[in-house]
Amino acid sequence: MDLLVLIAKAADVCLKPWSHAVVLIDPSAPEQIDDLHVRIECRDADGRRCSDQDLELEIYRSGDEINLMLSWWDQPERPMLWHGRHPVWMDGASGQRCSAPQDAAPLEALGRRLRALVQPAYLFHRFQSAWSV
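These figures come from a predicted structure and were not determined experimentally.

A. Quick look at the environment of Ala 104. Within the fold, Ala 104 resides in helix α2 (residues 104–131). Of the residues examined, Ala 104 reaches a relative accessible area of 5% and is grouped as buried. Sequence separation of Ala 104 and Met 80 is 24 residues, and the distance between their C-alpha atoms is 9.7 Å.

The following block contains the structure:
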């Protein structure tokens, strides 16, 4: 299944009652599991866009780990979630660590689900390419 579809399905599960679509920020960029930048677009039950609920997701590799950043699209005043081995909330403007917002639980659940989705796939890809040399 397409990675963007899997991300949208994970958002649907974790961020109810919204439904989601995922679009590449740069459509010419390759869809790579260890370097991905997307917008998670949100719609209500009637299919109307709810852009104030849109999220930005960056997935990137750091050593042998896959990390991700989740933030609200075009809302730099809101905190953002870095998720590596554990979740860390950061101030959207300064990047300094901060306490989790009141509505943190669904976003943290999405972060855990996405990291669980991409980390094993990334490790499998690395293992497979190491053996094919």
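B. Spatial organisation of unusual backbone geometry. Put simply, Lys 16 and Pro 17 share a cis peptide bond, and its omega is 10°. Mapped onto the elements of the fold, Pro 17 is located in the loop between α1 (3–14) and β1 (19–24). Look at Asp 74: it is not a glycine, yet its phi comes out positive at around 55°. With respect to the helices, strands and loops of the structure, Asp 74 is situated in the loop between β4 (65–72) and β5 (80–83). With a relative accessible area of 64%, Asp 74 lands in the exposed category.

C. Main features of the pattern of salt bridges. Inspection of the entire model under this criterion finds seven salt bridges. Across the salt bridge formed by Asp 103 and Arg 78, the nearest N and O atoms sit 2.7 Å from each other. Taken together, the residues span a long stretch of sequence, with Asp 103 in the loop between β6 (87–90) and α2 and Arg 78 in the loop between β4 and β5 at a distance of 25 residues. Judged by relative accessible area, which is 36%, Asp 103 ranks as partly exposed. In the salt-bridge network here, residues are joined through shared partners; they are Asp 44, Asp 46 and Arg 48.

Rules and cut-offs
Residues numbered from 1 in each chain as written. Predicted model: local features only at pLDDT ≥ 70, side-chain atom pairs only at ≥ 80, totals over all residues. Heavy atoms only, no water. Helix = DSSP H or I, 4+ residues; strand = E, 2+ residues; numbered from the N terminus. Buried < 20%, exposed > 50% of the residue type's maximum accessible area, 1.4 Å probe, protein only. Salt bridge = Lys/Arg side-chain N within 4 Å of Asp/Glu carboxyl O.

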